[in-house]
Amino acid sequence: MRGFTEGVIDRPLTVAEQVANVLREAIASGALKAGTALRQDELAERFGFSRMPIRDALRQLEAEGIVSIHPTKGAHVAGMDSAEIGEIYAVRELLECEALRLSVPVLSGGKLDEAGQVLNQIDAERDVGRWGALNRGFHLALYDGCGNRRLLGLIEAHHNAADRYVRILLSNLDYRNRSQSEHRDLLAACRRHDGKTAVSALRQHLREGSNTLVKAIEGGGLSRK
Ligand code: NI
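The sections below set out a description of the structure shown in this document. Since this is a predicted model, take the numbers as computed values, not measurements.

Within the first shell, the nickel ion binds the protein through Asn 135 (OD1), His 139 (NE2), His 183 (NE2) and His 205 (NE2), at distances of 2.1 to 2.5 Å. In this structure, the nickel ion is coordinated by 4 donor atoms arranged in irregular fashion, with angles at the metal of 84 to 159°. Written as a sequence motif, the donor residues of the nickel ion are N-x3-H-x43-H-x21-H. In this pair, His 139 sits in helix 7 (residues 128–143) while His 205 sits in helix 10 (residues 195–219), placing the two residues 66 residues apart along the sequence.

Positive phi, close to 55°, is recorded for His 193, a residue that is not glycine. Checked against the element boundaries, His 193 lands in the loop between helix 9 (173–191) and helix 10. Overall, His 193 belongs to the partly exposed group, its relative accessible area being 39%.

The next subject is the packing of helix 6 (residues 109–124) against helix 9. At a minimum axis separation of 11 Å, helix 6 and helix 9 run at an interaxial angle of 165°. Judged on the interaxial angle alone, helix 9 and helix 6 are roughly antiparallel. The interaxial crossing formed by helix 6 with helix 9 has left-handed handedness. On helix 9, the residues touching Leu 112, Asp 113, Ala 115, Gly 116, Leu 119, Asn 120, Ile 122 and Asp 123 of helix 6 are Arg 176, Gln 180, His 183, Arg 184, Leu 187, Cys 190 and Arg 191.

The next subject is the environment of Leu 119. Following the sequence through the fold, Leu 119 ends up in helix 6. In this structure, Leu 119 is in contact with Phe 138, Gln 180, His 183, Arg 184 and Leu 187, ignoring residues within four places of it in sequence.

Here the focus is the pairing of strand 3 (residues 74–77). Where strand 1 (residues 37–38) meets strand 3, 2 bridges bridge the pair, whose relative direction is antiparallel. The residue bridging Leu 38 from the neighbouring strand is Ala 75, located in strand 3. As judged from the 4 bridges shared by strand 2 (residues 67–70) and strand 3, these two strands associate in the antiparallel manner. When the bridges of strand 3 are listed, Ser 68 appears paired with His 76. Adjacent in sequence and paired antiparallel, strand 2 and strand 3 are bridged by 3 residues.

Here the focus is the pattern of salt bridges. Applying the stated criterion to the full structure yields 12 salt bridges. Glu 93 is paired through a salt bridge with Arg 207; the nearest N and O atoms lie 2.7 Å apart. Taken together, the residues span a long stretch of sequence, with Glu 93 in helix 5 (residues 82–103) and Arg 207 in helix 10 at a distance of 114 residues. Its relative accessible area of 43% is what places Arg 207 among the partly exposed residues. Where Glu 114 meets Lys 111, a salt bridge forms, and the shortest distance between an N and an O atom there is 3.1 Å. You can see Glu 114 and its partner Lys 111 sitting in helix 6, 3 residues apart, about one turn around the helix. A residue is classified by how much of its surface remains accessible, and Glu 114, at 32% relative accessible area, is partly exposed. A single salt-bridge network, built from bridges that share partners, covers Glu 93, Arg 203 and Arg 207.

The rules behind each value
Residues numbered from 1 in each chain as written. Predicted model: local features only at pLDDT ≥ 70, side-chain atom pairs only at ≥ 80, totals over all residues. Heavy atoms only, no water. Donors = N, O, S within 2.8 Å, 3.2 Å for Na, K, Ca; no water. Tetrahedral: all angles 85-135°; square planar, octahedral: opposite > 155°, others 65-115°. Helix = DSSP H or I, 4+ residues; strand = E, 2+ residues; numbered from the N terminus. Buried < 20%, exposed > 50% of the residue type's maximum accessible area, 1.4 Å probe, protein only. Axes fitted to C-alpha atoms, helices over the stretch in contact; angles between N-to-C directions. Parallel < 35°, antiparallel > 145°, perpendicular 65-115°, else oblique. Left-handed = near helix turned anticlockwise from the far one by under 90°. Contact = heavy atoms within 4.5 Å. Pairing = 2+ DSSP bridges. Salt bridge = Lys/Arg side-chain N within 4 Å of Asp/Glu carboxyl O.

Right under this line is the structure:
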């Protein structure tokens, strides 16, 4: 079925998905700060939609850990703290190392080339807003062979939850260069179909990202845009 499903045309985004994208972007860029209230009626008026897709969008963002919904006070942008970063990265490590372990033996040359091209795009990209999505594209290309769409869905949800943190990370040039060299080591191990080295390189890459972020939030070590 793989060859068949690859030909499926992308379906258009639903209104709720579009609203979620706009809100996620605003939160990731810092335009909507932690603790900001997200009122359904205000958002409905602003976007020009009914409240239903707004509510669905907020629920989607809640599932990603980006928005908190209180039964009486409504929705607000979730707070950021180092404990949360630790949790997100611990789950990412579990999910992504397993996906990579399953994927490496069957990774196609096409997917490896795609991952390599994404790395070149990251080198050339000057827009901070695009780096997070490209980073996600690189990682997901390597997990493509895992053969479990639910696992990939969970990985994507946790990438979304980590998005604004990843953006803070990638806005630091030193970290970005380090991250790119880790990505290239990881890709080289995948090309050799060396699962053990690839998984340990990925684990190291994720721990490095998490530690750098926690240091940044606790000590102000990274410049925040
Ligand atoms: Ni990465």
